[in-house]
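Take a look at the letters that make up each chain.
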Amino acid sequence: MSIFKAVLGICETKPLGSNLWSLEGSKVQVKLSQMPEPLPKGGAVYLRGGGLSKPVLLLRTEDDRYLAFEDRCTHFGRKIDPVPGEAKLRCCSLFHSTYDLEGKNISGAAKMPITRYAVEQSDGDLIITL
Ligand code: FES
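This report concerns the structure included in the present document. Since the structure is predicted, the reported quantities are computational estimates derived from the model, not experimental observations.

1. As for the overall build of the chain
Across its full length, the chain carries one helix and twelve strands. Starting at the N terminus and walking to the C terminus, you meet the elements of the chain as α-β-β-β-β-β-β-β-β-β-β-β-β. Taking 2.2 N^0.38 as the reference for a compact globule, 130 residues should give roughly 14 Å; the C-alpha atoms of the chain span a radius of gyration of 14 Å, in line with that estimate. Seen along its three principal axes, the alpha-carbon backbone of the chain occupies a region of about 40 × 30 × 25 Å. Here the chain, with 130 residues, has 41% of them falling under the buried criterion. Long-range pairs, those at least 24 residues apart, make up 44% of the contacts in the chain with a sequence separation of at least 6. Of the roughly 7,200 Å² that the chain leaves accessible, carbon and sulfur atoms contribute 52%. Within the chain, one finds 17 positive and 15 negative side-chain charges whose respective centroids are separated by 7 Å.

2. Comments concerning the pattern of salt bridges
As enumerated under the stated definition, the model contains six salt bridges in all. Between arginine 65 and aspartate 63 there is a salt bridge, with the nearest N and O atoms lying 3.2 Å from each other. Across the pair lysine 88 and glutamate 86 runs a salt bridge whose closest N-O atoms are separated by 3.2 Å. Assessed through its relative accessible area of 31%, lysine 88 is described here as partly exposed. Judged by its relative accessible area of 41%, glutamate 86 is partly exposed.

3. A closer look at the pairing of strand 4 (residues 44-47)
Remark: a regular strand shows side chains that alternate across the two faces of the sheet. Burial of strand 4 is two-sided: the residues Ala44 and Tyr46 facing one way and the residues Val45 and Leu47 facing the other way are all buried. Where strand 1 (residues 14-15) meets strand 4, two bridges bridge the pair, whose relative direction is parallel. The residue bridging lysine 14 from the neighbouring strand is valine 45, located in strand 4. Pairing of strand 4 with strand 5 (residues 56-60), which is carried by four bridges, proceeds in the antiparallel orientation. Looking at the pairing, valine 45 lines up with leucine 58 of strand 5.

4. Describing the side chain of threonine 98
With respect to the helices and strands, the residue threonine 98 is situated in strand 9 (residues 98-100). Within the structure, threonine 98 has its side chain in polar contact with the backbone oxygen of histidine 96 (distance 3.1 Å). Sequence-distant contacts of threonine 98, that is, excluding residues within four places in its chain, are made with Lys88, Leu89, Arg90, Lys104, Asn105, Ile106 and Ser107.

Criteria and thresholds
- Residues numbered from 1 in each chain as written.
- Predicted model: local features only at pLDDT ≥ 70, side-chain atom pairs only at ≥ 80, totals over all residues.
- Heavy atoms only, no water.
- Helix = DSSP H or I, 4+ residues; strand = E, 2+ residues; numbered from the N terminus.
- Rg over C-alpha atoms; globule rule 2.2 N^0.38 Å.
- Buried < 20%, exposed > 50% of the residue type's maximum accessible area, 1.4 Å probe, protein only.
- Contact = heavy atoms within 4.5 Å.
- Areas by Shrake-Rupley, 256 points an atom, 1.4 Å probe, with all protein chains shown as cover.
- Lys, Arg positive; Asp, Glu negative; His and termini not counted.
- Charge placed at Lys NZ, Arg CZ, Asp CG, Glu CD.
- Salt bridge = Lys/Arg side-chain N within 4 Å of Asp/Glu carboxyl O.
- Pairing = 2+ DSSP bridges.
- Polar contact = N/O pair within 3.5 Å; in protein donor to acceptor, adjacent residues only side chain to side chain.

Listed below in structure tokens is the structure:
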């Protein structure tokens, strides 16, 4: 990540198209089966808007699990990226708070964990419970 991006808190993770997910009550349905390309292992997308009160980070882990987190660092609310090749998440700000895949803060300025949401697979799609 460049220093320029870190200063501005710009992440590498891209948004998931709003046609590929929907919110109903506290459940987000992600239409995995309709994605033009599967999310690569270790890759992530974020969901924002569409009635969500908080952005959501959706990660496909290297060991092929889908995990979802509130996409907001608990230090000052910057967005979060996966750390390539490591089972960690990292804030995109200069302070680089780091979290494990349970959401627990493990280094940096953040003093609180991020919220991890339950994810289930259903008919090839994902259901995230907020
Ligand atoms: S906002 Fe994440 S470390 Fe400051």
